[in-house]
Amino acid sequence: MVGVRRIGVLGGTFDPIHYGHLAAAEEARAKLSLQEVIFVVAGIPPHKLGEEITPAEERYAMVELAIASNPHFSLSRIDIDRPGPSYTVDTIALLRQKRTEEIYFIMGMDSLMEIDTWREPQRLIQLCRLVAVERPGFIPDLERLEAAVPGITARTEIIDMPEVEISSTDLQRRVRQGLPIKYQVPPEVEEYIYKHRLYL
């Protein structure tokens, strides 16, 4: 009997996408035998309402450039093309309507610890499995998480990955200050940022 195909979904603002995002996606793909990892660019990130963010089309273009060399990575416009904030539970529900594979939603361990503040976390864990990427020195409180969202630990895979300490916020700051971002983002993304004068 052939097993159910598995796909990963990595959602984010990607402002800009960097090697930390790409490494997490590839590590999850390899360790969980995912056939594909779909990058979903948030149209209107609900946790960043009121903050200044780069237009969605430019963030989408950077992700497209960043993942082009990996045949296992793909890109979805699902959150950009629909109105309103990009809630993960709605995104996964829409993907489930179009896909038959088992979905693994990839996130950082810090995001997992805050998932009880997300929209409908109980429904989310029914729609997909969660993949939490461990961060060095971060001690997760899984008991508190289980109490907040019963059943979540059974629906979560925890994976470790090589340490890549890069943040999009820090990259934006470095561009503003004229500091290099080479070796932190793919060369194509670096070129796009400077060509379009982002973060200045």
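Scroll up to find the structure.
Residues numbered from 1 in each chain as written. Predicted model: local features only at pLDDT ≥ 70, side-chain atom pairs only at ≥ 80, totals over all residues. Heavy atoms only, no water.

1. Structural notes on helix 3 (residues 88-98)
Where helix 3 is concerned, the buried positions are Thr-88, Val-89, Thr-91, Ile-92, Ala-93 and Leu-95. On the buried face of helix 3, the contacting elements are strand 1 (6-12), strand 2 (36-41), strand 4 (102-108) and helix 5 (121-127). (Buried < 20%, exposed > 50% of the residue type's maximum accessible area, 1.4 Å probe, protein only. Helix = DSSP H or I, 4+ residues; strand = E, 2+ residues; numbered from the N terminus. Contact = heavy atoms within 4.5 Å.)

2. So, the pattern of salt bridges
In this structure the tally under the stated criterion is 14 salt bridges. As a salt-bridge pair, Lys-182 and Glu-190 come within 3.7 Å of each other at their nearest N and O atoms. Given the relative accessible area of 45%, Lys-182 is considered partly exposed. One continuous salt-bridge network, built from bridges that share partners, spans Arg-5, Glu-36, Arg-99 and Glu-101. (Salt bridge = Lys/Arg side-chain N within 4 Å of Asp/Glu carboxyl O.)

3. Some details on the nonpolar core
Ranked by internal contacts, the top residues of the largest apolar core, which has 37 residues, are Ile-17, Val-37, Phe-39, Met-62, Ile-106 and Ile-193. Counting residues per element, the ones that place at least two in this core are helix 1 (19-31), strand 2, helix 2 (56-67), strand 4, strand 5 (129-133), helix 7 (168-176) and helix 8 (187-195). When sequence neighbours within four positions are dropped, the list of residues in contact with Ile-17 reads Leu-22, Phe-39, Met-62, Val-63, Ala-66, Val-185 and Val-189. Listed in part, the 25 residues of the second largest apolar core include Ala-93, Phe-105, Met-109 and Ala-132. (Core = buried A, V, L, I, M, F, W, Y, C linked by side-chain atoms within 4.5 Å.)

4. Brief notes about the packing of aromatic side chains
All told, the structure shown has three aromatic pairs when counted by the stated rule. Geometrically, the ring pair formed by Phe-105 and Trp-118 is edge-to-face, given 6.3 Å between the ring centres and 85° between the ring planes. Within this pair, whereas Phe-105 is found in strand 4, its partner Trp-118 is found in the loop between helix 4 (109-113) and helix 5, the two being separated by 13 residues in sequence. Here Phe-105 falls in the buried class, since its relative accessible area comes to 6%. Its relative accessible area of 25% is what places Trp-118 among the partly exposed residues. Grouping aromatic residues by their ring pairs yields a cluster made of Phe-14, Phe-39 and Phe-73. Its end group placed over the ring of Tyr-60, Arg-77 keeps NZ or CZ at 5.0 Å from the ring centre. Lying across the ring of Tyr-87, Arg-119 places its NZ or CZ 3.8 Å from the centre. (Phe/Tyr/Trp six-rings, centres within 6.5 Å; stacked < 30°, edge-to-face > 60°. Lys NZ or Arg CZ within 6 Å of the ring centre and 35° of its normal.)

5. Examining the pairing of strand 2
With six of six residues buried, strand 2 is to be regarded as a mostly interior element. Here strand 2 shows a buried face lined by Glu-36, Ile-38 and Val-40 and a second buried face lined by Val-37, Phe-39 and Val-41. With six bridges joining them, strand 1 and strand 2 adopt parallel strand pairing. Note on strand 2: the bridge partner recorded for Gly-11 is Val-40. (Pairing = 2+ DSSP bridges.)

6. Quick word on the side chain of Arg-59
Summarising the element assignment, Arg-59 is placed in helix 2. Engagement of the side chain of Arg-59 in a polar contact is seen with the backbone oxygen of Thr-13, the distance being 2.8 Å. Non-local contacts of Arg-59, meaning those with residues more than four positions away in its chain, are made with Thr-13, Phe-14, Asp-15, Val-41, Ala-42, Gly-43, Ile-53 and Thr-54. (Polar contact = N/O pair within 3.5 Å; in protein donor to acceptor, adjacent residues only side chain to side chain.)

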